[in-house]
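# Report on the structure
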Amino acid sequence: KLSSAGTVMARYIGGVTINRDHAGTDKPTYQPVPAEKQRKALQSILSTYFQPDSFKFKPEFVSRLAKDRFETWGDQNIHVGQSVVRMQAGVLNTLLKDDVAQRIIDSPEKLAATEPTFSLGELYDGLQTAIWSELPANAEIPQMRRELQREYIKSMLPFLAPDTKSPGDAASLMRYQATQLKDQLDQAAKGQMSVEKRAHLQQCSQTLARALNPDILVVDSIQTVY
């Protein structure tokens, strides 16, 4: 399954090999996955799961998908987009786990000073750049992509909470990413676009504003009725 493949690839990022050798060998017990392998795994995930054209289905294919009417009550439609987003969210949430962040943070401690390392900033920036690629391109955002972007925003919120349990570097980096993203959203909302895109950008910006400044009430407009 494609979802299983994503989970397997994600294990390379922040991955650590455990060597259970007998005493006296010169191999380290815990050895981080080489930085280049982690970068290749990340690029494979980004290109496979998080590009605008990663999932495209012919209408003649989707329109012929159906559930067994004798086994299913209620909605008979096959919601392909929802299935895709659930799979994408699964891969995304795997990459954004606190223990993955902690292993990446700890990796330099297990490596010689001359060995290359994979950073947490590379992971977070790579995900955000891929998932929000429509913003710098000033492109329309299809419905399936909007759902993925909402999942991304949702995944950021635990890092931004005042009482977050995430590692310190993970929380600070994600707050930096969220601030950058909000600025991009606000800038992108100034142009001409569909009402669906505008509503999406506005909602995401407001969600980030509340998360970044929980003590500030976010209000777009105030109307007084006499």
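Residues numbered from 1 in each chain as written. Predicted model: local features only at pLDDT ≥ 70, side-chain atom pairs only at ≥ 80, totals over all residues. Heavy atoms only, no water.

### Some thoughts on the pattern of salt bridges
Keep this limit in mind: Take a side-chain nitrogen of Lys or Arg and a carboxyl oxygen of Asp or Glu: if they are within 4 Å of each other, that pair is a salt bridge. Only runs of H or I of at least four residues qualify as helices and only runs of E of at least two qualify as strands under DSSP, and these elements are numbered from the N terminus. Classification of residues uses two cut-offs on accessible area relative to the type maximum, computed with a 1.4 Å probe and protein chains only: under 20% is buried, over 50% is exposed, and between them is partly exposed.
For the coordinates displayed, the defined rule picks out six salt bridges. Among the salt bridges present, the one from R145 reaches E134, with a minimum N-O distance of 2.7 Å. Of this pair, R145 sits in helix α8 (residues 143–160) while E134 sits in helix α7 (residues 134–137), and the two are 11 residues apart along the sequence. The salt bridge involving D186 is made with K182; its shortest N-O contact spans 2.6 Å. With a gap of four residues between them, D186 and K182 both fall in helix α9 (residues 168–188), about one helical turn apart. By relative accessible area, D186 is classed as partly exposed at 31%.

### Brief notes about the packing of aromatic side chains
For the record, the criterion: In this scheme Phe, Tyr and Trp rings, the latter by its six-membered ring, pair at centre separations within 6.5 Å, and the angle between planes marks the pair as stacked below 30 degrees, edge-to-face above 60, and tilted otherwise.
Taken as a whole, this structure holds two aromatic pairs when the rule is applied. Measuring from centroid to centroid gives 6.4 Å for Y49 and F50, while their planes differ by 50°, and the two rings are tilted. The residues Y49 and F50 share a single accessibility class, namely buried. Geometrically, the ring pair formed by Y124 and F159 is edge-to-face, given 6.1 Å between the ring centres and 70° between the ring planes. Pair noted here: Y124 is in helix α6 (residues 120–131) and F159 is in helix α8, with a separation of 35 residues, a long-range link.

### Quick word on the nonpolar core
Test applied: Side-chain atoms within 4.5 Å link the members of a nonpolar core, which is a set of buried Ala, Val, Leu, Ile, Met, Phe, Trp, Tyr and Cys residues.
Core analysis: the biggest nonpolar cluster contains 47 residues, and F50 and L123 have the highest contact counts within it. Elements with a contribution of two residues or more to this core: α2 (35–49), α4 (80–95), α5 (98–106), α6, α8, α9 and α10 (195–212).

### Examining the confidence of the model for the protein
As a reminder, the rule being used: The score called pLDDT rates the predictor's confidence residue by residue, from a low of 0 to a high of 100. Note on contacts: a residue pair is in contact if any heavy atoms of the two residues lie within 4.5 Å.
Taken over all residues, the pLDDT of the protein has a mean of 87, while the share at 70 or more is 83%. No element of the protein has a lower mean pLDDT than helix α3 (residues 59–62), at 64, and none a higher one than α6, at 98. Counting interchain partners and residues more than four positions distant, the pLDDT-below-50 stretch residues 220–226 has two contacts.

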